[in-house]
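# Residue-level structure breakdown
Chain by chain, the residues run as shown.
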Amino acid sequence: MAGTQDTSRHRVSFFSRKSFAVFSAIYVVSGDGGSLVAPRRSPVVIVLCLAFYLCAFGCACSGGTGEGQPDSGVFQDARPETTDGASGVPDGAERDAGADGDSGLPPDVDVSGDDGERDGGEPDSGPEDTGAGFDGGETDAGAADTGWVDPRLICQKLGLPSAEFSPGPYGTARREVAGDFTLPTFEGDWNFGSRFSGCETYLFIPEETPMTRGFPTPWWTQDFEMLIWNSPRNVHYFFVATADISSVQQMKTRLHAFLDLLDPAERDWWKGRVHFVSKTASALGNWVGSYAGSPGLGFGVDRFQRIRDFGSPSDPMRYNESAQWFEPNLSYVAHEAKYYEFEWARGQRLATENPTVVRLFDKENVQGVVERDVPFPDAASMAGFDTIELDLTANCPAAGSEPAACGEWDYVQALHLCDTADPSKCDVEIGRWITSYAREGRWLTDASQALAFLEGGGTRRLRFDASGQKYAVTLELRLSNRGKGMRPGGAVFLFSGGAFDATYNDKYQPATVAVPADAKRVEIFAVITGHGFGVEKENCAEFCAHEHHFDVNGTKYVKTNPDAGSYTGCAENVPNGVVPNQYGTWFFGRGGWCPGYNVSPWVADVTSSAVVGGDNVITYRGLLYGAPYVPEPSGGTSGFPANVNMTSYLVFWK
């Protein structure tokens with residue numbers, strides 16, 4: 001996103017397929033600092049990294065930081081999970097939503113699906129499965145079931161809580177509760193109700209989807225090793241043919257050949273969790289077959305027993321010049337299972353909390369900028385809170401599959417607090433999100449420093465920019481006391497961003513800020529994202545690792561963006577809440593943000609450098625590789641110049 005600050009709403013970014021092919025070629029052959037990914041790395045390192053990734057699905061030289069890291073809790077949710085789930089940034093030039101990019105859908109793909117009405121979700125009348133062996137989940141491949149075993153025992157083995165099968169009401173559309181079904185498999189009939197444990201997830205994979213069709217290599221013929229290696233241990237996979245049942249038999253042969261190479265315990269575990277449906281989807285005669293056939297994207301049932309769409313399994317390392325898009329990777333289905341685990345952990349946390357909730361929207365279709373006057377608790381009550389979290393759900397506003405029902409672009413959404421004396425002035429940003437490419441999501445953001453602006457309580461006006469796309473929005477501000485022993489009691493604005501170019505730093509003068517004598521902690525609180533790509537060699541500021549240097553009385557505090565420009569920097573953050581498998585270039589690491597994610601504020605504790613009870617001198621500079629950024633034209637015709645979208649404050653805790 002680039003340009004000046006006005007009230008227009010625009011798309012953040014999107015690579016066209018052709019432009020990405022050009023950028024990828026530059027990256028591989030040049031290594032000259034003008035690359036899309038990992039600038040200033042040698043061609044030898046690049047080629048070795050690409051080769052290693054293709055062999056083992058991981059690129060250690062990408063510089064990403066998200067892979068394998070535990071969830072810090074910052075992104076976990078606080079509103080209880082329910083079965084119905086639930087902006088442009090000014091840049092000075094009005095842009096058409098599809099003018100220079102695409103939605104991420106290959107040509108001639110029809111993903112409109114149906115209208116969400118299927119066979120009614122009645123329990124299947126097929127024979128009930130009567131056996132389960134809990135060494136690997138179910139009976140070994142080819143063995144007959146011999147007796148029923150309580151499925152909750154698997155939860156004990158996994159160390160996970162179990163749950164009872166939901167009594168409904170059941171449905172057959174996205175986010176509705178999944179009813180019972182029985183599937184015929186090559187290992188015997190598999191019944192959902194009798195096998196349900198409450199600690200597992202279930203993913204149904206067709207042999208072809210709109211996003212996997214038309215590529216030279218069928219997606220069921222590779223990547224099953226990485227699918228297993230990348231999967232949580234509580235997932236079940238069902239391979240379902242929509243056209244040719246022989247494809248399922250072939251998949252079983254290939255996958256079992258791999259599993260037979262594992263040690264016996266692992267082999268048995270996964271053979272009990274990978275199922276091969278012995279009838280085509282249209283012959284199943286239940287809601288599973290109907291959903292597998294239309295919209296035909298693949299789907300899952302999460303730990304809340306909700307029906308969930310799959311997204312696009314496009315792999316950023318497999319750009320196909322002929323199709324001008326990325327070929328699929330079967331192991332990307334595991335992203336869905338990882339995301340289900342994130343959501344479950346979030347829901348468990350929510351169930352333990354009882355915050356004071358200020359609600360701005362409740363499952364309301366919102367588009368563009370909307371202002372609301374909302375009642376906060378009085379000043380005395382506000383003084384008892386030390387935490388505020390922003391809980392945003394942006395769901396598809398229409399029925400049908402996600403790519404047909406959701407906004408297709410990655411836009412900025414933002415929440416601003418308006419001035420009490422002049423409610424038309426709404427310049428205090430307290431939350432920022434980036435919408436998903438044609439998928440829905442929910443995010444929790446710790447914005448506790450915003451309490452400094454809400455001390456007076458009472459009715460306050462909030463401005464929410466939902467973007468030019470429509471979403472079914474639920475937005476709550478959750479107030480609580482977590483025993484921090486202090487709370488934000490004041491804040492002073494520091495610096496904003498702007499066009500990131502050779503003159504970017506010229507406008508910044510030192511700020512002198514008096515820190516109150518009763519301040520217990522002093523923090524810099526900043527929301528910083530970089531936008532712009534394509535027209536400059538460094539692909540700033542979306543795909544370059546820009547740095548933000550704050551100096552407090554001579555001590556530096558620096559925000560960096562190490563994931564910016566990496567192939568999978570955003571994909572690696574699925575376990576932390578990035579919406580997986582979006583219908584666009586969601587996987588690339590960005591400069592301070594990801595599509596389908598909240599923008600987490602950057603907070604630096606500067607108490608040790610601050611003069612409490614006196615004046616403090618604070619300076620700021622935005623740099624690239626430790627020096628002012630001087631753009632060099634790339635010669636590209638698609639994209640827009642670099643821009644840094646920033647708000648920053650010095651916050652006093654008392």
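Provided above is the structure to which this section pertains.
Residues numbered from 1 in each chain as written. Predicted model: local features only at pLDDT ≥ 70, side-chain atom pairs only at ≥ 80, totals over all residues. Heavy atoms only, no water.

### Description of the pairing of strand β6 (residues 235-240)
Filter applied, for reference: Per-residue accessibility, obtained with a 1.4 Å probe over protein chains only, is compared with the maximum for each type, and a residue is labelled buried under 20%, exposed over 50%, and partly exposed between these values. To qualify as a helix, a DSSP run of H or I must reach at least 4 residues; to qualify as a strand, a run of E must reach at least 2; elements of each kind are numbered from the N terminus. The pairing criterion for strands is at least two bridges between them, as found by DSSP. By convention a crossover is right-handed if, when the strands point away from the viewer, the path from the first strand over the helix to the second runs clockwise.
Across the six residues that make up β6, a large majority, six, are buried. Neither face of β6 is exposed, since V235, Y237 and F239 on one face and H236, F238 and V240 on the opposite face are all buried. With six bridges connecting them, strand β5 (residues 201-206) and β6 associate as parallel partners. Residue pairing in the sheet places P206 in a bridge with V240 of β6. On the question of chirality, the crossover connecting β5 to the parallel β6 by way of helix α5 (residues 224-229) is right-handed.

### A word on the packing of aromatic side chains
Inclusion rule: Geometry of aromatic contacts follows a simple scheme: Phe, Tyr and Trp rings, the Trp one being its six-membered ring, pair when their centres are within 6.5 Å, and the pair is stacked under 30 degrees between planes, edge-to-face over 60, tilted otherwise. For a Lys NZ or an Arg CZ to count as sitting over a ring, it must be within 6 Å of the ring centre and within 35 degrees of the ring normal.
Scanning the model with the defined rule gives 44 aromatic pairs in all. Measuring from ring centre to ring centre gives 5.3 Å for F165 and F196, while their planes differ by 85°; the resulting arrangement is edge-to-face. Taken together, the residues F165 in the loop between α3 (152-158) and β1 (170-171) and F196 in the loop between α4 (192-195) and β5 connect sequence positions 31 residues apart. Relative to F192, the ring of F181 lies with its centre 4.8 Å away and its plane at 15°, an arrangement referred to as stacked. Of this pair, F181 sits in the loop between β2 (177-178) and β3 (182-185) while F192 sits in helix α4, and the two are eleven residues apart along the sequence. Of the two residues examined, F181 and F192, each falls in the buried class. Ring-pair connections join several aromatic residues into one group, and the members of that group are F165, Y170, F181, W190, F192, F196, Y202, F204, F238, W287, Y291 and F299. The lysine or arginine in question, K507, covers the ring of Y504, its NZ or CZ lying 4.2 Å from the ring centre.

### Digging into the pattern of salt bridges
Pairing between side chains of opposite charge can happen when their charged atoms approach one another. This is how the line gets drawn: Salt bridges are identified by distance alone: a Lys or Arg side-chain nitrogen within 4 Å of an Asp or Glu carboxyl oxygen.
Counted under the stated rule, the structure contains 40 salt bridges. A salt bridge links E455 to R487; the nearest nitrogen and oxygen atoms lie 3.6 Å apart. Placement of E455 in the loop between β17 (441-446) and β18 (457-465) and of R487 in the loop between β19 (471-480) and β20 (488-499) is noted, with a sequence separation of 32 residues between them. A salt bridge links K654 to D518, with the shortest nitrogen-to-oxygen separation between them at 3.9 Å. Remark: D518 occurs in the loop between β21 (511-514) and β22 (521-533) and K654 occurs in the segment after β28 (640-653); sequence separation between them is 136 residues. When salt bridges with common partners are traced through the structure, they connect D302, R306, R308, E343 and R346 into a single cluster.

### As for the state of the cysteines
What counts is decided by this rule: In what follows, a disulfide is any cysteine sulfur pair within 2.5 Å.
Under the defined criterion, the tally for this structure stands at five disulfides. Residue pairing for C155: its cysteine sulfur links by disulfide to C199, the two sulfurs lying 2.2 Å apart. One quick way to see it: the torsion about the S-S bond of C155 and C199 is about -95°, and its sign makes the bridge left-handed. In this pair, C155 sits in helix α3 while C199 sits in the loop between α4 and β5, placing the two residues 44 residues apart along the sequence. Taken as a pair, C155 and C199 share a single burial class, namely buried. Two residues share a disulfide in this structure: C418 and C426, whose sulfurs sit 1.9 Å from each other. Where C418 bonds to C426 through sulfur, the torsion about that S-S bond is close to 95°, and the disulfide is right-handed. Since its relative accessible area comes to 2%, C418 is described here as buried.

### Here we look at the side chain of E389
Let me state the cut-off plainly: We call two N or O atoms a polar contact when they sit within 3.5 Å, provided that within protein one can donate a hydrogen and the other can accept it, with sequence-adjacent residues counted only if both atoms are side-chain atoms.
Position of E389 relative to the elements: it lies in strand β14 (residues 387-395). In this structure the side chain of E389 is engaged in a polar contact, spanning 2.8 Å, whose partner is the side chain of R482.

### Digging into the nonpolar core
Stated formally: Each nonpolar core is a collection of buried residues, namely Ala, Val, Leu, Ile, Met, Phe, Trp, Tyr and Cys, held together in the definition by side-chain atoms within 4.5 Å.
Among the nonpolar cores identified, the biggest contains 62 residues, and F376, L415, L462, F464, L475 and L477 are the most heavily contacted of them. Per-element tally for this core: the top contributor is β19, with five residues. Counting residues in hydrophobic clusters, the runner-up holds 32 residues, among them Y508, A642, M646 and L650.

### Some details on unusual backbone geometry
Cis geometry marks the peptide bond from G168 to P169, where omega comes out at 5°. By the secondary structure assignment, P169 is in the loop between α3 and β1. Here the residue pair C540 and A541 is connected by a cis peptide bond, since its omega of 0° sits within 30 degrees of zero. Even without glycine at this site, Y625 takes up a positive phi of about 55°. By secondary structure assignment, the location of Y625 is in the loop between β27 (615-624) and β28.

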